[in-house]
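Coordinate inspection notes
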Amino acid sequence: VQLQASGGGLVQAGGSLRLSCAASGGTFNQNVVGWFYQAPGKERAFVAAINRYSGTTAYAESVKGRFTVARDNAKNTVYLQMNSLKPEDTAVYYCAARRSAVTVIARSRGQYDYWGQGTLVTVSS
């Protein structure tokens, strides 16, 4: 499966963006899709994840209450709605999926098997 993240851009602090992660290249039967971000000079870190069938979600503490992860299985797409954005949210955002047999949400990037190319989010102060 190929994943493609889109929707990044430049936004002022306090603004909103919605990122999309679209799957292609065959049947999208991966259960768990996660979002990670990587700021310049920092390691890639967990943002949020969703089990596409149960709807179970998980969030990093830094984004709880501001970001929402959702899915549209008919469109093979997972979304990350980002509200009340802060300059420290500036990063390249990646979506990733765990292999299809796995149903448990993970927060470690090493537990994800498929990665999209990333989309840049810049939040100005």
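I will try to describe carefully the structure that is included in this document. (Residues numbered from 1 in each chain as written. Predicted model: local features only at pLDDT ≥ 70, side-chain atom pairs only at ≥ 80, totals over all residues. Heavy atoms only, no water.)

**Here we look at the nonpolar core**
Among the nonpolar cores identified, the biggest contains 37 residues, and Trp35, Val47, Leu80, Met82 and Tyr93 are the most heavily contacted of them. If sequence neighbours within four positions are ignored, Leu80 has contacts with Leu17, Arg18, Leu19, Trp35, Val47, Ala48, Phe67, Thr68, Val69 and Tyr93. (Core = buried A, V, L, I, M, F, W, Y, C linked by side-chain atoms within 4.5 Å. Buried < 20%, exposed > 50% of the residue type's maximum accessible area, 1.4 Å probe, protein only. Contact = heavy atoms within 4.5 Å.)

**Some remarks on the sheet that holds strand 7 (residues 67-72)**
Strands in a sheet are paired, the pairing made by backbone hydrogen bonds, and the direction either parallel or antiparallel. Pairing is antiparallel across the open sheet formed by four strands, whose spatial order is 1-3-8-7. Every interior strand has two partners, whereas the edge strands, strand 1 (2-6) and strand 7, have only one. For this sheet the average axis-to-axis angle between neighbouring strands, irrespective of direction, equals 15°. Pairing of strand 3 (residues 17-24) with strand 8 (residues 77-82), which is carried by six bridges, proceeds in the antiparallel orientation. By the bridge assignment, Cys21 is partnered in strand 8 with Val78. (Pairing = 2+ DSSP bridges. Helix = DSSP H or I, 4+ residues; strand = E, 2+ residues; numbered from the N terminus. Axes fitted to C-alpha atoms, helices over the stretch in contact; angles between N-to-C directions.)

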